[in-house]
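Here is how the chains run, residue by residue.
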Amino acid sequence: DGTTDNNVISLGVEYNTTDYDVINIQRSTRNVGIGTTAPAYKFAAYGSNVNSEIVASFGSANDQNEYTAIGLSGFIASNGATKAGLALKRTATYGVGELHFLNNNTSDNSDMTLSDSKMVILGNGNVGVGTTSPDTNLTVIQSGVMPTAGFSATQWVGAFVNTGNTSSIARVGIYAGNAGHALLNFGDADDADIGGLSYSNVNNSLAIRTNNGERMLISSAGAIKFNNYGAGTLVSDASGNITVSSG
């Protein structure tokens, strides 16, 4: 069944003598809508349930280790390639698998494939960037592989890896405002920051905190101050000489 007006072409079904619009196409924009008579995009699908629902589902009867993908393309030509998208790789029964974020950066008409995976979410929730087999909750690999010696999957929450060659450098940055502090906190379920490191961008000093108190401070000149040591504090100068101060 179908109806038209000056603006919308509607395709629908009849159920119990009542007509229901299913697909609506705007004449002026050619936008297609399901669940709406005024789609604002080339394709819009809206549910009608106030509760949680799956509005659309895309799938294939994949064999294990094959994938179903939704693609994106920013170039339309005689053979416009689908360069990026989301893919579900089936790894077990009932369609259980891994969610891959694909991005093919090759300047040709080749489509994205699973080899273009840049980020993955495994079925157990582990997230990998630069790897399709993350061993921790978050594994980021710039080059090389995750070390195995000394590693415990039950203890390590995250890993940042750059082991491509013997001179590779791995950095993780924590940045704050010019008049603020950059902190790395340590704690437990009862206290999130009972200890830690605090770098002051005000005077370029580094403080070490334990049991919710500052215990050592390294100044921008390299002088070290140990707080609460006996009646006073220990202070070292830039040459490494340590003296006792009552301040």
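Coordinates for the structure precede this section.
Residues numbered from 1 in each chain as written. Predicted model: local features only at pLDDT ≥ 70, side-chain atom pairs only at ≥ 80, totals over all residues. Heavy atoms only, no water.

## Notes on the packing of aromatic side chains
No. 1: Tallied over the entire structure, the rule returns 1 aromatic pair.
No. 2: Arranged with centres 5.4 Å apart and planes meeting at 65 degrees, the rings of F151 and W156 form a pair that is edge-to-face.
No. 3: Classification of W156 by relative accessible area gives partly exposed; the value is 37%. (Phe/Tyr/Trp six-rings, centres within 6.5 Å; stacked < 30°, edge-to-face > 60°. Buried < 20%, exposed > 50% of the residue type's maximum accessible area, 1.4 Å probe, protein only.)

## Looking at a nonpolar patch on the surface
No. 1: Nonpolar side chains collect at one region of the surface, where V129, L138, F160 and V172 lie side by side and expose about 340 Å² of accessible area between them.
No. 2: Summarising the element assignment, L138 is placed in strand β11 (residues 138-143). (Patch = residues over 30% accessible without salt bridge, like charges linked within 9 Å, V, L, I, M, F, W, Y side chains within 5 Å. Areas by Shrake-Rupley, 256 points an atom, 1.4 Å probe, with all protein chains shown as cover. Salt bridge = Lys/Arg side-chain N within 4 Å of Asp/Glu carboxyl O. Helix = DSSP H or I, 4+ residues; strand = E, 2+ residues; numbered from the N terminus.)

## So, the side chain of K83
No. 1: Summarising the element assignment, K83 is placed in the loop between β6 (67-72) and β7 (84-90).
No. 2: Owing to a relative accessible area of 18%, K83 belongs among the buried residues under this scheme.
No. 3: One polar contact links the side chain of K83 to the main-chain carbonyl oxygen of D108, over a distance of 3.0 Å.
No. 4: There is a polar contact of 2.9 Å between the side chain of K83 and the backbone oxygen of S110.
No. 5: Not counting chain neighbours up to four residues away, the residues in contact with K83 comprise L72, L102, N103, N104, T106, D108, S110 and M112. (Polar contact = N/O pair within 3.5 Å; in protein donor to acceptor, adjacent residues only side chain to side chain. Contact = heavy atoms within 4.5 Å.)

## A closer look at the layout of surface pockets
No. 1: A volume near 250 Å³ is recorded for the largest pocket.
No. 2: Considering the residues around the largest pocket, the lining is formed by 14 residues, among which F58, G59, N62, T68 and L88 are closest to the centre.
No. 3: At the level of elements, β6 and β7 are the ones that each hand at least two residues to the lining of the largest pocket.
No. 4: Counting residues per element, the lining of the largest pocket draws most heavily on β7, which supplies 5 residues.
No. 5: Broken down by class, the residue content of the lining of the largest pocket amounts to 7 nonpolar, 5 polar and 2 charged. (1 Å grid on protein atoms, 1.4 Å probe; cavity = no way out; pocket = protein on both sides within 12 Å on 5 of 7 lines; lining within 4 Å. Points joined across faces, edges and corners; volume = space filled by probe spheres on them. Nonpolar A, V, L, I, M, F, W, Y, C, P; charged D, E, K, R; others polar.)

## Concerning the sheet that holds β11
By way of backbone hydrogen bonds, the strands of a sheet pair with one another, either parallel or antiparallel.
No. 1: Taken in spatial order, the 7 strands make up an open sheet running β6-β7-β8-β9-β10-β11-β12, and their pairing is mixed. Here the strands that pair on one side only, and so sit at the sheet edges, are β6 and β12 (158-162). For this sheet, the mean inter-axis angle between neighbouring strands, taken without regard to orientation, is 15 degrees.
No. 2: The pairing of strand β9 (residues 117-121) with strand β10 (residues 127-129) spans 3 bridges and is classified as antiparallel. Each bridged residue has a counterpart across the sheet, and for V120 the counterpart in β10 is G128. (Pairing = 2+ DSSP bridges. Axes fitted to C-alpha atoms, helices over the stretch in contact; angles between N-to-C directions.)

## With respect to the pairing of strand β14 (residues 195-200)
No. 1: One ladder, built from 6 bridges, connects strand β13 (residues 181-186) with β14; its direction is antiparallel. For H181, the partnering residue across the bridge sits in β14 and is S200.
No. 2: Alignment of β14 against strand β15 (residues 205-210), held across 5 bridges, turns out to be antiparallel. Looking across to β15, one finds that S198 is bridged to A207.
No. 3: Here β14 folds back onto β15 in antiparallel fashion, the turn holding 4 residues, of which N204 has a positive phi close to 55 degrees.

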